[in-house]
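Here is what each chain is made of, one letter per residue.
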Amino acid sequence: MSEHRRKPPQPQGGGRAAARRAAQQSSGRRAAPSRDSAAGPPPTSNPHGQERPYGGRAEARRAAQRGGRRRSADPAEMEVGGGPGGRGGGGRRGGGGGNGPEGGRGRGRDNGRPGKKRWLDYPRANRSGWRRFVPSWKQVASICVGFTGLIVGAAGVALAVVSVPDENDAAKAQNNVYLWSDGSVMARDGETNRQNITINEIPKSMQDAVISAENASFRTDSGVDPMGIARALFNMARGGETQGGSTITQQYVKNAMLSQEQTIDRKFKELFISIKVGWQMDKDTILQGYLNTSYYGRGAYGIQAAAQAYYGKDAAKLQPNQSAFLAAVLKGANLYDPAGGVGPNATRQENTQRAKARWAWILGRMVANHHMSKADEAKYLKQGFPMPNPPKPVASKSGQIGYLMDTAKKYVLRHAATDMSEARFDKGGYTIHTTFDKKKTAELTAAVKKVDKRYIDPKKRSKDKYVQFGGASVVPGDGKIVALYGGEGYDKGHFSNNADTYGVPVGSTWKPFVLAAAMKGGTVHSNYQPISQDSRYDGDDHLKVKKADGSFVLKRDNSPFYQENESAHRWGYISLTKAMEQSVNTPFVQLAMDVGMDKVKDMAHRAGISEESFDKHLNPSFALGTSTPSAIRMADAYATFANSGTQFEPYSVSALTFKGSDVSGFEKPKPQLAMSPAIADNVTSVLQNVVKNGTGKGASRLQMPAAGKTGTTDQNKSAWFVGYTKQLSTAITMFREDAQNPRQLSMNGVGGFDSIHGGALPTEVWTQYMLQAMNGVTPEAFPTPVPVGTEVDEPGMPSPTPTPTPSQQPSDSPSATPSDSASPSGSPSPSPSDTCSKWDIGCSTGGTGTGGSTGGPGGPGGATGGDTGSPTPDPSGGGGLFGGPGGGRKK
């Protein structure tokens, strides 16, 4: 380095002139320190004539950091290129290469010229702190323009590449094949019910109704409607009725040209193909294709098939109000067909309400879109909802086949791993491997028909009209459904599947869940420690029910709530085993209050009862079976007891294939521990006593280890028997319901009897079926139960009297019609006429007196008892088959 560069700076003064002279003397980028620096830094002058020490590189860096590029240099500093931490030569790090004492290190300005400008000023150099990372409006605008261009370019490429598929290839349908559990063919279903017609054969009212409901801008849009999608989302957020987010063009493309899978790839294809279809086809052609390929339910594809299926006429003859209804079912026939659909929320009542509301809304939309006058809307509203015809029976669905197919189809739609719509399934191509046993299904049907033929005669008694049965069999330890009875058959006009219906209260068959909950979690009186079935509760009639805190349960008028029994007999304090045996209501209502209804509900759910069927009111009556699970679910829940507490979800499909390829989602359900084996086995022990000695004694004719429970509901509207062996669990329900006016009717007087109880006809059906289903099966004993909990007596039980009373343990023969002379502190002493339950249809003990216990052969009010134990009613007798007090209370 030359002496000229190493020459120390001289003291400066005199303002700008001195600064210029100093700059002219310096040729390096950085001033060197003086050889005399040991004597201290030389003074320097700033533009204002103030002295400041020379700080070297560190001070220059600090000065640059303090000022950065935002700090404007003093004119003198600009000329010398190195002010105190300033912009120096315009570089990023301070002053440029002058020999000023505080010159920066930056590369910036050279000889006073600005540095090179960056192509992308981000982070922004002329900002400090977090502001450096906030883009300018120019940068934001540039990004938006670039992104939009990218999207437009990609869309253009997609539109150029995508082609419009052939409608006919995509819309072709095939059969679905249902197989029995042994692999033989049960039925074939799914043939396309479609008759394509031209737009001229479709009434204008139908066209207008669909456009008003689905896509009001159809005639003017380009195949997609962004505003329609936004409007649909907005209305959905408000919870109101919506037009579909997809246009009619998009729906036509989806129905006729693409698969029904809900994938991103399919959605993009639908969008671009719809735009091309909108360019290439006229609106009438698109609308015609949409109406001919849409699914309207009842197996009908296309408007012509739909008009025939719902109104029995050609599409050209549809009235405007009928067109509005058919436009309504396009939203989803499963929820809008008044005949009902799949699932607990698709009952006939709910579907009818939805259909009426949607129909009226569509009429309003037609007025709003100038397709109908206000006067015509008023006329159709005054005429009322155009109720469609009931579904027509399908030959391939005769007998129980229709119900088996219905159950399997529901299972497929709920469990397919890929999102599958009913419309896609009905297009066919599937093979459904069911769990149904052909032989057992026939045996269950035969058992129902035998009992029905023996006792039910609508021609003889008007009360026998509308009597229905339902039933299901489930294998414990597996969950597979092997048999169903859903009703008289699709071919007889009965389309509701009684084996899988929600809406029939189960009555006292609910009590085992109350007992199991008490054995698991105890009660408030046991400090929530498990209690045993030997615990005693007050069994008297007209019991004032208490809450867990000891206060009384009140009705809406603040008067005490009293629970009733089947009779006014004074049972006194009896064991829970005895109360279950004789189906006494009051102990289980109070027990459930002490346990907590939420815990009872949880136990039932764990055992296998579905959430949808629970009564939402957890009041005292909840303990007596106000919930409405299906026969399938009740059979499965009792199978949990049979399987020592391990529950398997019931299933009806073991495998599903599509055109030879397996569809996932149909693996065998995994086991779930619902309760401990000790609890389940103790409940089974108690229910065995019901069959041996109690209200379900008719089932003892099976002559192998069996357990079960009877159930009857208020006003005798339904009766149940649910029972099981170690190998098979079966539920039978009986009720009365008019299919044309869906509401349950009382069964008092059915069959010529005062009332129908679960221990009678339902138990008889169960026994007849199980005798056949278990024929040849080696009897298997239930596990010996390990004692659970401790005996806890309900507070308030009186001290025992010195007078001996009968044991509280289960009797060898049932104590039925109660005696008013019984001691309040114990169970009644059975009289000769009390050795048979009034629900025991096979009892042969003699008796006399109208309205008393079950009479012997020929006795007034009696029933002839035979070796089979089957009832032989005497309609002229005083007490009928059951004798004793009338029904009307839960049993």
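Residues numbered from 1 in each chain as written. Predicted model: local features only at pLDDT ≥ 70, side-chain atom pairs only at ≥ 80, totals over all residues. Heavy atoms only, no water.

S.K.: I would appreciate a short explanation of the overall build of the protein chain in the present structure.
M.R.: A count of helices and strands for the protein chain gives 26 helices and 21 strands. In the protein chain, which comprises 891 residues, the share counted as buried stands at 52%. Carbon together with sulfur atoms contributes 51% to the accessible area of the protein chain, which is approximately 39800 Å² in total. (Helix = DSSP H or I, 4+ residues; strand = E, 2+ residues; numbered from the N terminus. Buried < 20%, exposed > 50% of the residue type's maximum accessible area, 1.4 Å probe, protein only. Areas by Shrake-Rupley, 256 points an atom, 1.4 Å probe, with all protein chains shown as cover.)

S.K.: I keep staring at the packing of aromatic side chains and nothing clicks. Help me out?
M.R.: Centre distance and the angle of the planes are the two values used to describe a pair of aromatic rings. As enumerated under the stated definition, the model contains 21 aromatic pairs in all. Taken together, a centroid distance of 4.9 Å and an interplanar angle of 50° make the contact between Tyr295 and Tyr301 tilted. For the pair Tyr295 and Tyr301, one class covers both residues: buried. Through pairs of rings, three or more aromatic residues link up here, namely Trp510, Phe513, Phe614, Phe622, Tyr638, Phe641, Tyr724 and Phe782. Its guanidinium or amino end placed over the ring of Phe218, Lys283 lies 4.8 Å from that ring's centre, counting from NZ or CZ. (Phe/Tyr/Trp six-rings, centres within 6.5 Å; stacked < 30°, edge-to-face > 60°. Lys NZ or Arg CZ within 6 Å of the ring centre and 35° of its normal.)

S.K.: Sorry if this is basic, but what is going on with the nonpolar core here?
M.R.: The nonpolar side chains of a soluble globular protein tend to be buried with one another. Among the nonpolar cores identified, the biggest contains 88 residues, and Trp510 and Phe513 are the most heavily contacted of them. Per-element tally for this core: the top contributor is helix α24 (residues 631–642), with eight residues. Once residues within four sequence positions are removed from consideration, Trp510 is found in contact with Val600, Ala604, Ile609, Phe614, Phe622, Ala623, Leu624, Gly625, Ser627 and Pro629. Among the nonpolar cores identified, the runner-up in size contains 48 residues, and Ala213, Ala333, Ala355 and Leu363 belong to it. (Core = buried A, V, L, I, M, F, W, Y, C linked by side-chain atoms within 4.5 Å. Contact = heavy atoms within 4.5 Å.)

S.K.: For this particular structure, what's the right way to read the sheet that holds strand β4 (residues 185–189)?
M.R.: Across the sheet, which stays open at both edges, the five strands sit in the order β4-β3-β7-β15-β16 with mixed pairing between neighbours. Pairing within the sheet leaves two strands with one partner each, and these edge strands are β4 and β16 (661–662). Here strand β3 (residues 176–179) pairs with strand β7 (residues 430–434) via three bridges, running parallel. When the bridges of β7 are listed, Val177 appears paired with Thr431. Running at roughly 75° to β4, helix α17 (residues 401–415) makes contact with β3, β4, β7 and β15 (653–658) of the sheet. (Pairing = 2+ DSSP bridges. Axes fitted to C-alpha atoms, helices over the stretch in contact; angles between N-to-C directions.)

S.K.: I'm lost on the pairing of β4 in this one. Help?
M.R.: Consecutive side chains of a regular strand alternate in pointing toward one face of the sheet and then the other. Examined bridge by bridge, β3 and β4 share four bridges and lie antiparallel to one another. Among the inter-strand pairings, Asn176 is bridged to a residue of β4, identified as Asp189. In this structure, the hairpin formed by β3 and β4 is closed by a connection of five residues, where Gly183 is found at a positive phi of approximately 95°.

S.K.: Any chance you could explain the confidence of the model for the protein chain here in plain terms?
M.R.: For any part of a model where pLDDT is low, the fine detail of the predicted coordinates should not be relied upon. Averaged over the protein chain, the pLDDT score is 77; the fraction of residues at 70 or greater is 68%. pLDDT under 50 marks residues 26–54. Its contacts with residues more than four places away, or in other chains, come to 47 contacts. Scored below 50 in pLDDT, residues 801–891 makes 211 contacts in the model with residues more than four places away or belonging to other chains. (pLDDT = per-residue confidence, 0-100.)

S.K.: Mind showing me how you'd approach the packing of helix α20 (residues 511–521) against helix α25 (residues 677–693) here?
M.R.: The geometry of a pair of packed helices is captured by two quantities: the angle between their axes and the separation between those axes. Interaxial distance between α20 and α25 falls to 10 Å at its minimum, and their mutual angle equals 140°. Classified by the angle their axes make, α20 and α25 are oblique. You can see that α20 and α25 cross each other, and the crossing is right-handed. Within the contact between the two elements, α20 uses Pro512, Leu515, Ala516, Met519 and Lys520 and α25 uses Ile679, Asn682, Val683, Val686 and Leu687. Of the residues contributing to the contact of α20 with α25, the split by class is eight nonpolar, one polar and one charged. (Parallel < 35°, antiparallel > 145°, perpendicular 65-115°, else oblique. Left-handed = near helix turned anticlockwise from the far one by under 90°. Nonpolar A, V, L, I, M, F, W, Y, C, P; charged D, E, K, R; others polar.)

S.K.: Teacher, can you tell me more about the packing of helix α13 (residues 320–329) against helix α15 (residues 348–368) here?
M.R.: Across the interface, α13 lies against α15 with an axial gap of 9 Å and an inter-helix angle of 115°. Of the two elements, α13 crosses α15, and the hand of that crossing is right-handed. Residue-level inspection shows Asn321, Ala324, Phe325, Ala327 and Ala328 of α13 in contact with α15, the latter providing Ala355, Arg358, Trp359, Ile362 and Leu363. In the contact of α13 with α15, the residues fall into eight nonpolar, one polar and one charged.

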